[in-house]
Amino acid sequence: MADNANSKNIELEFPDGSVRSFETGITGRAIAEGISKSLAKKSVAYVLNGELIDLADPIHSGGKIEIVTRSDDRALELIRHDCAHVLAEAVQEIWPDTKVTIGPVIENGFYYDFDRAEPFTPEDLERIEKKMREIIQRNLPFEKKIVSREEARAVFDAMGESYKLELLDAIPEGEDVKLYSQGEWTDLCRGPHMPTTGQVGSAFKLMSVAGAYWRGDSDNRMLSRIYGTAWADEKQLKNYLHMLEEAQKRDHRKLGREMDLFHFQEEGPGVVFWHAKGWKVFQQLVSYMRRRIEEHGYDEVNAPQILDKALWQTSGHWDWYRENMFTTQTEDDREFAIKPMNCPGHVQIFKNGLRSYRELPIKMAEFGNVHRYEPSGALHGLMRVRGFTQDDAHVFCTSEQLEAECLRINDLILTTYSDFDFGDIVVKLSTRPEKRVGSEEGWDRAEAIMQKVLNQIEAESDGRIKTELNPGEGAFYGPKFEYVLRDAIGRDWQCGTTQVDFALPERFGAFYIDQNSNKQEPVMVHRAICGSMERFIGILIEHYAGHLPLWISPVQAVVASITSDANEYAEKVVATLKAAGLRVEADTRNEKINYKVREHSLVKIPAIIAVGGREAEQGTVSIRRLGSKHQTTMTLEEAVESLTQEAIAPDLKRAAQAG
RNA sequence: GCUGUUGUAGCUCAGGGGUAGAGCACCUCAUUGGUAAUGAGGAGGUCGGGAGUUCAAAUCUCCCCAACAGCACCA
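The residue count restarts for each chain, going from 1 along the sequence in the order it is written. Chain A is the first chain written and ligand 1 is the first ligand written, with later ones labelled in order. Under the rules for a predicted model, residues below a pLDDT of 70 receive no local features and side-chain atom pairs below 80 are neither given nor counted, while totals for whole chains, interfaces and linings still include all residues. Excluding hydrogens and water, the side-chain values take into account all heavy atoms of the structure.

## Comments concerning the protein's contact with RNA strand B
Nearness is judged by heavy atoms alone; a residue qualifies as near a molecule or strand once a single heavy atom is within 4 Å of it. Surveying the vicinity of RNA strand B reveals 47 residues, the closest of which are Trp320, Ile562, Asn590, Ser622 and Arg624. For RNA strand B, a base oxygen lies 2.6 Å from a polar atom in the backbone of Ser564. Between a base oxygen of RNA strand B and a side-chain N or O atom of Ser622, the distance comes to 2.3 Å. A run of H or I in DSSP becomes a helix once it reaches four residues, and a run of E becomes a strand once it reaches two; helices and strands are each numbered from the N terminus. Those elements giving two or more residues to the surface near RNA strand B turn out to be β14 (204–213), β15 (222–230), α8 (252–258), α18 (593–602), α19 (613–618) and β35 (620–625). No other element matches α18, which puts seven residues into the surface near RNA strand B. N or O atoms within 3.5 Å of each other form a polar contact, as long as, within protein, one can give a hydrogen and the other can take it, and as long as residues adjacent in sequence are counted only when both atoms are side-chain atoms.

## Section: the pairing of strand β33 (residues 584–587)
Across a regular strand the side chains alternate sides, sitting on one face of the sheet and then on the other. Of the strand pairs in this sheet, strand β32 (residues 557–561) and β33 are connected by four bridges, and their pairing is parallel. The residue bridging Val558 from the neighbouring strand is Glu585, located in β33. Note on handedness: a crossover is taken as right-handed if, strands pointing away from the viewer, the path from the first strand over the helix to the second is clockwise. A crossover links β32 with its parallel partner β33, the connecting element being helix α17 (residues 567–579), and its sense is right-handed. Think of it this way: DSSP has to see at least two bridges between two strands before they count as a pair.

## Focus: the pattern of salt bridges
Side-chain pairs of opposite charge can arise where the charged atoms are in close proximity. Take a side-chain nitrogen of Lys or Arg and a carboxyl oxygen of Asp or Glu: if they are within 4 Å of each other, that pair is a salt bridge. Per the stated rule, a full pass over the model turns up 40 salt bridges. Here Lys452 and Glu403 are joined by a salt bridge, their closest N and O atoms 3.1 Å apart. Of the two residues, Lys452 sits in helix α14 (residues 440–460) while Glu403 sits in helix α13 (residues 402–419), which places them 49 residues apart along the sequence. Here the term buried applies to any residue with accessible area under 20% of the maximum for its type, exposed to any over 50%, and partly exposed to those in between, with areas from a 1.4 Å probe on protein chains only. For Lys452, a relative accessible area of 47% corresponds to the partly exposed category. Taking the relative accessible area as the measure of exposure, Glu403 reaches 22% and is therefore partly exposed. Across the pair Glu440 and Arg432 runs a salt bridge, and its minimum N-O distance is 3.1 Å.

## Remarks on the sheet that holds strand β7 (residues 63–69)
Strand pairing in a sheet relies on backbone hydrogen bonds. The paired strands run either parallel or antiparallel. Taken together, five strands build an open sheet; the order of strands is β2-β1-β7-β4-β5 and the sheet is mixed. Of all the strands in the sheet, the pair left with one neighbour each is β2 (19–23) and β5 (51–54). Each strand of the sheet is rotated relative to its neighbour by a mean of 40°, with strand direction disregarded. Judged from the five bridges that link them, strand β1 (residues 9–13) and β2 form a sheet pairing that is antiparallel. Among the inter-strand pairings, Leu12 is bridged to a residue of β2, identified as Arg20. Residue contacts are counted whenever heavy atoms from the two residues lie within 4.5 Å of one another. Helix axes use the C-alpha atoms of the stretch in contact, all axes being lines fitted to C-alpha atoms, and the angles between their N-to-C directions lie in the range 0 to 180 degrees. The sheet contacts of helix α1 (residues 28–35) involve β1, β2, β4 (43–48) and β7, and relative to β7 the element is tilted by about 75°. In this fold helix α3 (residues 75–94) packs onto β4, β5 and β7, with an angle of close to 125° to the strand it touches most, β4.

As structure tokens, this is what we get:
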């Protein structure tokens, strides 16, 4: 594009590729009006070179422009943000002495934090929502004013909005201070906003009240936060609310009780009582992982539960992790700690005896039962507990071996997730934090290797794996990969992790003898795949909504007799299926088949095998699968064949195919 | 840990200053019924724990515990 001689004109490129010239200073609204009246009416903002801007803002330089209408996905952010402002105005209209703080957009909605002596009640929410609809009805314009710091200070000072004054001070020098007003109500805000409050629409709902610390710092005052959700139209809102209901239905705490998998009780906050069926799932998962790590050349070990505090002082845990540790004292006044991590134990095993470079890499795995005194408010079913089992492993290797080991671990992690039907995986690389140990050269080297690995992970995945960088988020002892998986209803869970550790081998004085008979410090890699077996099972329950795959189901089939005449045959079917290695139970109770089907369906038995006179006579079975209303009749032999095939764990299936 | 809410039978929940109620589940009996609840009868709780107020508390007050939502935390 040639420079226009007339500096008063700018050139704007539209999404269709057309380029038009405008007088500099033209507003987005004027451009929209120039295109069509209806567009102008529907538009809520414009995007210039990727940045969302107020429709009324003038344009001073050329570039790619796009007019954003209310139905555009990018407008959703505006709807939510505007809704937050309306919420704040509503609250202050009802309770004028409430102070406002911040109200950002979040996933699915927005929130606003208020400082108020009395907490909000659910009834208050209804009242506020009503007031919000009133404000939206008024349909007043959002008006922006760019002011000096002094002006802004005067405005909020007069209003007594101390939090806004604090926010004002935090705005970096050189950045505009903007005030947005809707009628009489004014807020300090970066914007952008839609032209009027009316465009917020009616597809919103206040969801809940909660406490939240001012500026996210637990040393600060606790504010009252109101959460809301907002959407472009009623249908989207309805879908969202429906999704929430679905999520509630698959809550692992509810399903865990219904399926008789586990329970919690008051005397053991944060520790799991695994029932027979839940423990079966647990054991299936452990067996699977055990086969996988064997396949990948790990050796399983087991280190003590309780160790002298001296060991934890050496590892450093006693200093920086003590408030999270359970400790125990004996009669002779020795103090012990129940292990919160397995690493120190594994280093002891590494150190016991003299290690040669020929042995490396040493891959030590443990299904390590650890205990951590988690804050009471953090506990959440199986997802956050105080006692759990890590599928932990430590790889002791040379720095030359690091790259290959990271890739090997990556392969193990990704195949495991895919075996559990997790499709979307994000791998995040966290790099050196401010507080860290080790030399800069060491960090440089490790980060370079891991960046290379990260690139390779992405390249090899055919776009299935996304990668991200988390600068400064690494552990103090080394950079790490975090593996985040997305479940069936779109929630993200961080499970796997690969962490390079410069610190621990040194602290414990672990070394191996290299080619030149010199002592060398090994690189230690911490790695987990499921993270916590307990939590992973919680995630699986929610991911599958209780419909566990056959191979991991605690009870794979129930054989239900239709009349007592068929009881004997039912027992025979059970015996046959059990002999084939399936986990099967008989239901020969004096109940109707409808009753039995309902009951076993509710507890998510994958296959209900009904047998009556016909089946007994013909040597067949009638199978009804969970989630289906239909049944299939086949011979007992066919049933054994099809169920045993399906019950083969995915790794074994893979091995069979390869072999 | 912080803010708020909740805690009544195995589960879901009603009640509420004068010593507890429903449905489902459970037990018994009858029923032998073809794919999401057969009928009848019965048993079961002292109302999360402790202290206090009161003639009297499950119901009011205080303390503690646990759960739930969010925040903070999550090596």
